[in-house]
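A structural walkthrough
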Amino acid sequence: MGLEEKLPSGVLLTSVEKAAGWARARSVWPATFGLACCAIELMMTGGPKHDLARFGMERASNTPRQADLMIVAGRVSQKMAPVLRQIYDQMSDPKWVISMGVCASSGGMFNNYAIVQGVDHIVPVDIYLPGCPPRPEMLLDSIVKLHDKIMNMKLGKNREREITELENARLGLRPLHLAVPEGTEL
Ligand code: SF4
């Protein structure tokens, strides 16, 4: 028998972790960061048809200090990389990043010296969104998935434990088997 059954109806029990996750997920403010053609789809998402405002996210921040979500829309040039990192550093904690489109996620078809081959070389990425360009519906889906992630984010000691467990799981992975012919020196 749980405590809830002894309480009068209308009383809601939760944890600080869940309440903080709920509040954070419902107050995400994106920083404007359109770099190339994907940014057109990002702008479309804010329009009346797709209605980003339903998540309370229509206020795209022009100052990083009042933003906690960076949506990297488009390819990141080597010249833009330090600027992107500086804006990320200026954003308030906790903060999240969506990499929108193949160019932002992996360099896409721009496999050359001028383009960073994935924005995760510059900032940690929470959600990778495939497509060239991803449609606004796909961006909305990734935002909903990010909300789920934020809602289930642990706090304090629980978060440290979760990070340690993830790191240990990664370290425990077996490396890929490399077939080396006999007598070959690596
Ligand atoms: S993924 Fe496609 S639409 Fe997006 S920036 Fe690259 S080329 Fe442009």
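Structural notes, computed from the coordinates. All values derive from a computational prediction rather than experimental measurement.

In this section: the packing of helix 2 (residues 38–45) against helix 5 (residues 136–151). At their nearest, the axes of helix 2 and helix 5 sit 9 Å apart, and the two run at 70° to each other. Judged by the angle between their axes, helix 2 and helix 5 are roughly perpendicular. Within the contact between the two elements, helix 2 uses Glu41, Leu42, Met44 and Thr45 and helix 5 uses Pro136, Leu139 and Leu140. Across the contact of helix 2 with helix 5, the residue classes tally to 5 nonpolar, 1 polar and 1 charged.

Right, let's talk about unusual backbone geometry for a bit. Residue Pro94 is bonded to the preceding Asp93 through a cis peptide linkage, with omega at -10°. Along the chain, Pro94 turns up in the loop between helix 3 (81–90) and strand 3 (96–100). Cis geometry is found at the peptide bond from Cys132 to Pro133, where omega equals -10°. By the secondary structure assignment, Pro133 is in the loop between strand 4 (127–129) and helix 5. Notably, Asp51 is not glycine yet its phi reads approximately 60°, a positive angle. Residue position: Asp51 is located in the loop between helix 2 and strand 2 (69–73). Accessibility expressed as a relative area gives 32% for Asp51, which makes it partly exposed.

Cut-offs used in this document
- Residues numbered from 1 in each chain as written.
- Predicted model: local features only at pLDDT ≥ 70, side-chain atom pairs only at ≥ 80, totals over all residues.
- Heavy atoms only, no water.
- Axes fitted to C-alpha atoms, helices over the stretch in contact; angles between N-to-C directions.
- Helix = DSSP H or I, 4+ residues; strand = E, 2+ residues; numbered from the N terminus.
- Parallel < 35°, antiparallel > 145°, perpendicular 65-115°, else oblique.
- Contact = heavy atoms within 4.5 Å.
- Nonpolar A, V, L, I, M, F, W, Y, C, P; charged D, E, K, R; others polar.
- Buried < 20%, exposed > 50% of the residue type's maximum accessible area, 1.4 Å probe, protein only.

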